[in-house]
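A structural walkthrough
Spelled out from the first residue to the last, the chains are:
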Amino acid sequence: MFSSRFKWSLASNRLALLIEEKRRAGARIFDLTESNPTRAGFDYPTEEILAALAQAPAMLYEPAPRGLLAAREAVAGYYAERGFSVDPERIHLTASTSEAYSYLFKLLADQGQSILVPQPSYPLFEFLAALEGVDPRPYQLNYVHPAGWQIDFDSIDAAISNDTRAIIIVSPNNPTGSFVKVREVERLNAICAKYDLALVVDEVFGDYGFEADDRRVASLVTNDAALTFVMSGLSKVLALPQMKLGWIATSGPAPLRDQAVERLDLIADTFLSVGAPAQHAAARWSKLRTALQRQILNRTRDNLIWLEKTAENSPCRLLRVEGGWYATLEMPRHCSEEEWVLSLLEQDDVLAHPGYFFDFPREAFLILSLLPRAETFREATGRILARVERS
Ligand SMILES: Cc1ncc(COP(=O)(O)O)c(C=O)c1O
């Protein structure tokens, strides 16, 4: 009855069952998996945000494959503020970055063809790719302490085959927090030219770097050396995931770039999924960016500094984080990740994600969201470190 794309078990795993049990028993869970900014106690200018949705032009249905020009100009304005000149005619609005991925998979790959995905990374790739009938083939990011994460180019070479269509870059990556570097982009462009591949670049956390670094690429939105699709959206840029507005900005050598834009027009025209109120609101919302991002950056930086200090003299090791909303804590290996996560929840009411959730190649890592309020974050991380000391 159902498509063979659907290959996942719908049964709850042990962790999900334990969370349910804890919640039923009324336990207060110190949640270090919280990545929903609207639940993390930030001070949103609610009236301004909602008033921007109530504009009269939103009563008109104006179907436009790329999205309304005013909203695309707001996206171009966002890049201009960051020093990049982007033509609004090469921007396609989508309901989310996840939808942007699905458009790009439809654009680039036939059924069964492969797209290279970083590992460790964002756990949704497997689902996004499988639902489009595309094969997500991993390449590795390697960690060297304290320098940080870097692309393993040998693993890219090994993963590329005749049916490979694109390489995905997440910068900064979720959850490693690593930015792609200028020298890495040069090599990626050369690989794309050699094998005729596109770059699909997820920059949703691009504004959340902790410290400046000249080796880093701030955005690939003007990368012309390869066919390049940069994706982002308001879910992270303005911490408004519920407003459902993302985008794809296409660049690269002409005429390839223009052919891609035309084909994306057709895909987007088939769905027309972005609501008018959000598109009309985009320009007004974008003025709130600095204040919202400052709150988030202050919170995530403070939490990270706290964790650095408290983990320093512990048996745990905090991996280098350059940006984003997550930290990775390496745990002593006498327990598996599963055992750490279950025992922390069971005994300490602390919820964290295991590294395997993000396809870390070995154990034992915990992924901690840096978004929670300081008191929650400190209590939770304090409990983790106390548990480690006792174990
Ligand atoms: C790296 C990365 N890309 C994309 C997304 C999805 O963003 P959106 O809400 O725009 O679909 C997330 C969500 O956490 C993410 O971590």
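None of these values were measured; they are calculated from a predicted model.

Let's shift gears to the environment of Phe42. Tracing the sequence through the fold places Phe42 in the loop between β1 (30-31) and α2 (46-53). Spatially, the C-alpha atoms of Phe42 and Gly77 are 25 Å apart, while their sequence positions differ by 35 residues.

Let's shift gears to the sheet that holds strand β8 (residues 228-233). With mixed pairing, eight strands are arranged side by side in an open sheet as β2-β9-β8-β7-β6-β3-β4-β5. Strands with a single pairing partner mark the edges of an open sheet, and in this sheet they are β2 (91-94) and β5 (148-151). Looking at each pair of strands side by side, their axes are set apart by 25° on average, direction ignored. Contacting β2, β3 (114-119), β6 (164-170), β7 (198-202), β8 and β9 (246-251), helix α4 (residues 97-108) crosses the sheet at an angle of about 160° to β8.

Here the focus is the site of the ligand. The environment of the ligand is made up of Ser96, Thr97, Ser98, Tyr122, Val170, Asn174, Asp202, Val204, Phe205, Ser235 and Lys236. One nitrogen or oxygen atom from the side chain of Asn174 is found 2.7 Å from an oxygen atom belonging to the ligand. In isolation the ligand exposes 400 Å². Once the protein is present, 88% of that is buried. Class assignment for the residues of the shell around the ligand results in four nonpolar, five polar and two charged.

Now for the environment of Gly67. You can see Gly67 is positioned in the loop between α2 and α3 (69-81). Along the backbone, Gly67 and Thr94 are 27 residues apart, and their C-alpha atoms lie at a distance of 8.0 Å. Once residues lying within four places of it in the same chain are set aside, the contact partners of Gly67 are Arg72, Leu93 and Gln279.

Conventions adopted
Residues numbered from 1 in each chain as written. Predicted model: local features only at pLDDT ≥ 70, side-chain atom pairs only at ≥ 80, totals over all residues. Heavy atoms only, no water. Helix = DSSP H or I, 4+ residues; strand = E, 2+ residues; numbered from the N terminus. Pairing = 2+ DSSP bridges. Axes fitted to C-alpha atoms, helices over the stretch in contact; angles between N-to-C directions. Contact = heavy atoms within 4.5 Å. Near = heavy atom within 4 Å. Polar contact = N/O pair within 3.5 Å; in protein donor to acceptor, adjacent residues only side chain to side chain. Areas by Shrake-Rupley, 256 points an atom, 1.4 Å probe, with all protein chains shown as cover. Nonpolar A, V, L, I, M, F, W, Y, C, P; charged D, E, K, R; others polar.

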